Amino acid sequence: MTNFTENQINIFNLTPTPFYYYNMGLLDLTLQILKKEAEKYGFEVHYALKANANVPIIQKIREYGFGADCVSGNEVTRAVEAGFEGSKIVFAGVGKSDEEIITGLKHDIHSFNCESIQELDVIDQLAGKMGKTAPVALRLNPNVSANTHKYITTGLEENKFGINQWELETIVEKLKTLKNIKLIGLHFHIGSQITDLNAFKSLCIKINEFQLWFKQKRIPILNLNVGGGLGIDYHEPDLHSIVDFGSFFRVFHDFLDVYPGQTVHFELGRAVVAQSGSLISKVLYIKNGVNTDFMILDAGMTELIRPALYQAFHKIENLSNKDGKLQRYDVVGPICESSDCFGKALNLPITKRGDLIAIRSTGAYGEVMSSNYNLREKVKAYYFDKL
Ligand SMILES: *Cc1c(COP(=O)(O)O)cnc(C)c1O
């Protein structure tokens, strides 16, 4: 089973590999549904550029009216260049440099999602020098477990992200002294590839508690930014090519206390773009191993590091031999690292040198994380309009 047409596979066969393939029709459909579901509740969605910052992709996302969530100065610049208005850009990150903060201030972004006391000081000073008032949302650490891989958990006290609850009193006192900062909201982000919606329910309950605390102090909070993290189905990309955004938003509608005048913001990355991308590669060699054979691809961890970095699963398909007899393979790349492995002991149709292999669901955190290790060249991206 694959969603690639014979026609596409013929084109792939004529194209130098490896390369990234993007299904822009699927991206369109995903964005239509995302927009419809978010509008039901008046939720604002900012697309997390770090998942995939390719210009054709972010331009399409912008055309649907979504905002941008950036985690570096260069992402802010890229978003502006792609046509996102400053007022629709939010900027997070534990280590914003002075230059990056200045970039944000220059473009009058919607908010700096601030992660420490010291950062507040620096933003205040830089904004003062530019004669501006910086809009700031406090990124609070809700100490909520996301039940996801430990490397993509961000909302626990032991993580480096956000401001912890016990620091809030100090922060609020501090804010009174900072003249060039305006507190516009609260921000949260508990992790990524979260498939258990209960984690988001726990987040809502935690946010409600924080909100009460601010209410008692009579500090108005205009914006609640609940972050992103919605996970996708890496095992069945064709059955579940579009995430159930409806159920995700409903959790927040049902459990988050939204006060009159407040706007709720989301920062989705993976769920928007992951299923639209595949890494297309060719088999260089088949090598006999002890327990399994090795299928050695011309793509490696330099093109897709998720399996090596987070033990991530990606569905692997042989596009040249779709339903032959099965054999067991370790699917590996050519890079000189043992972690350069896309999947171990996989049952795949008997494969030969030159077969086309699709590594699915790589539209998010795939191409953006590619590197030149081993002096590898950056691969090309192709955008197909057909669904
Ligand atoms: C990475 C990130 C996101 C997007 O996460 P996804 O899991 O891709 O939805 C949102 N907000 C912040 C602050 C992030 O760092």
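For clarity, every value in this text was computed on a predicted model and none was experimentally measured. In every chain, residue numbers begin from 1 and rise along the written sequence. Selection of residues for local features in this predicted model requires a pLDDT of at least 70, selection of side-chain atom pairs for listing and counting requires 80 or more, and totals for whole chains, interfaces and linings are taken over all residues. Working from all heavy atoms in the structure, the side-chain values ignore hydrogens and water.

Participant: Before we go on, may I ask you to explain the pattern of salt bridges in this structure?
Facilitator: Oppositely charged side chains can pair when the atoms bearing their charge come close. Salt-bridge detection follows one rule: a side-chain nitrogen of Lys or Arg within 4 Å of a carboxyl oxygen of Asp or Glu. As enumerated under the stated definition, the model contains 16 salt bridges in all. Between Asp28 and Lys60 there is a salt bridge; the shortest N-O distance is 2.8 Å. With Asp28 in helix α2 (residues 24–39) and Lys60 in helix α3 (residues 55–63), this pair connects stretches of sequence that are 32 residues apart. Taking the shortest distance from any N to any O, the salt bridge between Lys352 and Asp355 comes out at 2.8 Å. Salt bridges linked by common partners bring Asp238, Lys315, Glu317 and Arg360 together as one network. Secondary structure elements follow DSSP: runs of H or I no shorter than four residues count as helices, runs of E no shorter than two count as strands, and numbering proceeds from the N terminus.

Participant: Looking at this structure, how should I read the layout of surface pockets?
Facilitator: Empty space among the atoms becomes apparent when a probe as large as a water molecule is rolled across them. Any residue with an atom within 4 Å of a point lines the site, the site being either a cavity, points on a 1 Å grid over the protein atoms alone where a 1.4 Å probe fits but cannot get out, or a pocket, an open set with protein on both sides within 12 Å along at least 5 of 7 lines. Grid points are joined across faces, edges and corners, and a volume is the space filled by probe spheres set on the points. As a volume, the largest pocket reaches approximately 640 Å³. Forming the boundary of the largest pocket are 32 residues, of which Lys50, Val71, Phe161, His189 and Tyr365 lie nearest the centre. Under this grouping Gly is polar, as are all residues other than the nonpolar Ala, Val, Leu, Ile, Met, Phe, Trp, Tyr, Cys and Pro and the charged Asp, Glu, Lys and Arg. When the residues that make up the lining of the largest pocket are grouped by side-chain class, the tally is twelve nonpolar, eleven polar and nine charged. Viewed by domain, the lining of the largest pocket spans two of them, domain 1 (24–274) and domain 2 (275–384), each represented by three or more residues. An automatic or database domain assignment supplies the start and end points of every domain.

Participant: Explanation requested: unusual backbone geometry in the structure shown.
Facilitator: Excluding glycine, residues mostly carry a negative phi; peptide bonds, for their part, are mostly trans. Here Thr17 and Pro18 are connected by a cis peptide whose omega angle stands at -5°. In the Ramachandran plot, Asn143 falls in the positive-phi region, its phi being about 55° despite a non-glycine side chain. On the secondary structure map, Asn143 appears in the loop between β6 (134–139) and α7 (168–177).

Participant: I'm lost on the site of the ligand in this one. Help?
Facilitator: Neighbouring the ligand are 15 residues, the closest being Lys50, Ser192, Glu267, Arg270 and Tyr365. Two N or O atoms form a polar contact when they lie within 3.5 Å of each other; inside protein one atom must be a possible hydrogen donor and the other a possible acceptor, and for residues adjacent in sequence the pair counts only when both atoms belong to side chains. Measuring from an oxygen atom of the ligand, one finds a backbone N or O atom of Gly269 at 3.0 Å. Arg270 places a polar main-chain atom, nitrogen or oxygen, 2.8 Å from an oxygen atom of the ligand. Put plainly, a molecule is in a cavity or pocket when over half of its atoms are within 2 Å of the grid points there. Put simply, the ligand lies in the largest pocket. One heavy atom within 4 Å of a molecule or strand is enough for the residue carrying it to be called near that molecule or strand.

Participant: Is there a simple way to explain the nonpolar core in this structure?
Facilitator: Among soluble globular proteins, nonpolar side chains are generally buried collectively. Core analysis: the largest hydrophobic core is formed by 96 residues, its most contacted members being Leu138, Phe249 and Phe252. Of the residues forming this core, the biggest block, seven residues, is contributed by helix α8 (residues 198–216). A domain split of this core shows at least three residues from each of domain 1 (24–274) and domain 2 (275–384). When residues no more than four places from it in sequence are discounted, the contact partners of Phe252 are Phe43, Phe200, Leu203, Cys204, Val226 and Phe266. Residues Phe4, Ile9, Phe12 and Leu356 belong to the second largest nonpolar core, which totals ten residues. Put simply, a nonpolar core is a bunch of buried Ala, Val, Leu, Ile, Met, Phe, Trp, Tyr and Cys residues held in one set by side-chain atoms that sit within 4.5 Å of each other. Accessibility here uses a 1.4 Å probe with only protein chains present; expressed as a share of the type maximum, an area under 20% marks a residue as buried, one over 50% as exposed, and anything in between as partly exposed. Residue contacts are defined here by distance: any two heavy atoms, one from each residue, within 4.5 Å place the two residues in contact.

Participant: How do you make sense of the sheet that holds strand β7 (residues 181–187) when you look at a structure like this?
Facilitator: Hydrogen bonds between backbone atoms are what pair the strands of a sheet, whose relative direction is either parallel or antiparallel. Sheet architecture is closed into a barrel: eight strands sit in the order β2-β3-β4-β5-β6-β7-β8-β9, paired in parallel fashion. In this sheet, neighbouring strand axes are inclined to one another by 30° on average, regardless of whether the strands run parallel or antiparallel. Strand pairing is assigned whenever DSSP detects at least two bridges linking the two strands. Here strand β4 (residues 89–91) runs beside strand β5 (residues 111–114); their pairing, made up of two bridges, is parallel. When the sheet's bridge partners are listed, Val90 is paired in β5 with Ser111. All axes here are fitted lines through C-alpha atoms, helices being fitted over the stretch that makes contact, and every angle between N-to-C directions spans 0 to 180 degrees.

Participant: What should I look at first to understand the pairing of strand β9 (residues 263–268) in this one?
Facilitator: Burial analysis of β9 places five of its six residues in the buried class, the great majority of the element. Strand direction decides the pairing type here: strand β2 (residues 44–48) and β9, joined by four bridges, are parallel. Along β9, the bridge assignment pairs Val45 with Phe266. Of the pairings in the sheet, the one linking strand β8 (residues 223–225) to β9 comprises three bridges and is parallel in character. From the neighbouring strand, Asn223 faces β9, where its bridge partner is Thr263. With strands facing away from the observer, any crossover in which the path from the first strand over the helix to the second runs clockwise is taken as right-handed. Regarding the hand of the β-α-β motif, the stretch spanning β8, helix α9 (residues 245–255) and β9 is right-handed.

Participant: For this particular structure, what's the right way to read the environment of Asn159?
Facilitator: By the secondary structure assignment, Asn159 is in the loop between β6 and α7. Separated by 18 residues in sequence, Asn159 and Asn141 have C-alpha atoms that sit 8.7 Å apart.

Participant: Could you clarify how one ought to interpret the pairing of strand β10 (residues 277–287) in this entry?
Facilitator: Every regular strand shows the same layout, with side chains that alternate between the two sheet faces. Bridge count for strand β1 (residues 19–23) against β10 is four bridges, and the pairing is antiparallel. Looking across to β10, one finds that Tyr22 is bridged to Gly277. Two strands pair when backbone bridges link them, and β10 and strand β15 (residues 356–359) are joined in this way by four bridges, in the antiparallel orientation. For Ile280, the partnering residue across the bridge sits in β15 and is Ala358.

Participant: Before we go on, may I ask you to explain the side chain of Thr15 in this structure?
Facilitator: Tracing the backbone through its elements, the reader meets Thr15 in the loop between α1 (6–13) and β1. Classification of Thr15 as buried rests on a relative accessible area of 14%. A distance of 2.7 Å separates a polar side-chain atom of Thr15 from the backbone oxygen of Ile11. If we skip the residues at most four places from it in the chain, Thr15 touches Lys282 and Tyr382.

Participant: Would you mind going over the domain arrangement of the protein chain with me for this structure?
Facilitator: Accessible area lost when the parts come together is the quantity often used to give the size of an interface. Split into domains, the protein chain comes out as domain 1 (24–274) and domain 2 (275–384). A separation of 32 Å is found between the C-alpha centroids of domain 1 and domain 2. Domain 1 puts 27 residues into the contact, and the matching count from domain 2 is 22 residues. Once two parts are put together, the accessible area they lose, assessed with a 1.4 Å probe and summed over both, is termed the buried area. Carbon and sulfur atoms supply 52% of the area buried between domain 1 and domain 2, which totals about 2200 Å² over both sides. Of all residues in domain 1, the largest losses of buried area upon contact with domain 2 belong to Tyr234, Pro237 and Ala274, amounting jointly to 26% of the total for that side. Arg360 is the salt-bridge partner of Asp238, the closest N and O atoms lying 2.9 Å from each other. Here domain 1 is connected to domain 2 by 16 residue pairs in polar contact (both at pLDDT 80 or more).

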